[in-house]
Amino acid sequence: KIKNIKDLEHGSLVIVSSDPSNGGRELLLLQKAGLIMLDPKAGLLATPGDIIHNPKKLKFKLLDAAMLPRAINDAALVAINTSFLKPVGLSLNDAVLKEGIDSPYANVLVVRTEDKDKPWVKGLIKSIHSKAVVKTEQRDFPEGASILGWEE
């Protein structure tokens with residue numbers, strides 16, 4: 001119902017995912033936008049019960065992630081996972097908040113400490129960062145749905 005996050009009114013209803021990983025992710029994004037503050041002990045699995053500062057007195061409702069697109073007219077702000085946008089005619093370009101390069105949910109390459117300096121690891125990193133892989137990611141996940149976890 002809003003075009004800019006600054007337009008979110010005092011007391012607005014915000015609907016987030018009921019599952020811990022997506023709900024926590026969405027709340028962290030709201031915190032990054034300065035709308036709420038979460039208890040630091042909550043970590044990545046925060047719930048609305050972990051909100052310790054809510055200056056706009058936002059009201060929160062939890063819904064199953066697959067139901068979020070259907071609730072778009074029921075709240076001022078609905079946190080919808082990219083996977084559920086297209087089937088309801090929405091696009092990532094409709095979003096007023098998006099994750100950035102600093103997202104704790106970026107895909108990472110993990111190797112054993114003893115392998116970190118091996119040539120095959122350096123080759124794998126080079127491949128992942130290659131223009132061909134980045135181009136494929138951007139084709140398969142358009143409109144910024146695939147966020148690079150590094151600066152190009």
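Residues numbered from 1 in each chain as written. Predicted model: local features only at pLDDT ≥ 70, side-chain atom pairs only at ≥ 80, totals over all residues. Heavy atoms only, no water.

Among the surface-exposed residues, Leu-109, Trp-120, Leu-124, Ile-125 and Ile-128 lie close enough to one another that they form a single nonpolar patch of about 420 Å² accessible area. You can see Trp-120 is positioned in helix H2 (residues 119-128). For Trp-120, a relative accessible area of 47% corresponds to the partly exposed category. (Patch = residues over 30% accessible without salt bridge, like charges linked within 9 Å, V, L, I, M, F, W, Y side chains within 5 Å. Areas by Shrake-Rupley, 256 points an atom, 1.4 Å probe, with all protein chains shown as cover. Salt bridge = Lys/Arg side-chain N within 4 Å of Asp/Glu carboxyl O. Helix = DSSP H or I, 4+ residues; strand = E, 2+ residues; numbered from the N terminus. Buried < 20%, exposed > 50% of the residue type's maximum accessible area, 1.4 Å probe, protein only.)

Now for the environment of Gly-11. Looking at the element boundaries, Gly-11 is found in the segment before strand E1 (13-17). It is 6.2 Å that separates the C-alpha atoms of Gly-11 and Lys-59, two residues lying 48 residues apart in sequence. Each residue touching Gly-11, except ones within four places of it in the same chain, is listed here: Lys-56, Lys-57 and Lys-59. (Contact = heavy atoms within 4.5 Å.)

Looking now at the side chain of Asn-54. Relative to the assigned elements, Asn-54 resides in the loop between strand E3 (51-53) and strand E4 (59-63). In this structure the side chain of Asn-54 is engaged in a polar contact, spanning 2.8 Å, whose partner is the backbone oxygen of Leu-58. Setting aside anything within four residues of it in sequence, one finds Asn-54 in contact with Leu-35, Ile-36 and Phe-60. (Polar contact = N/O pair within 3.5 Å; in protein donor to acceptor, adjacent residues only side chain to side chain.)

So, about the pattern of salt bridges. A side chain with one charge can pair with a side chain of the opposite charge if their charged atoms come near. Tallied over the entire structure, the rule returns 7 salt bridges. With a closest N to O distance of 2.7 Å, Arg-25 and Glu-99 form a salt bridge. Highlighted residues: Arg-25 in helix H1 (residues 20-32) and Glu-99 in the loop between strand E5 (77-78) and H2, separated in sequence by 74 residues. The partly exposed category is assigned to Arg-25, whose relative accessible area is 26%. Taking relative accessible area as the criterion, Glu-99 reaches 23% and is therefore assigned partly exposed. Note that Arg-112 and Glu-114 form a salt bridge whose closest N and O atoms lie 3.5 Å from each other. Comparing Arg-112 with Glu-114 shows no difference in burial state: the two are exposed. Put simply, Arg-112, Glu-114, Asp-115 and Lys-118 are held in one network by salt bridges that share partners.

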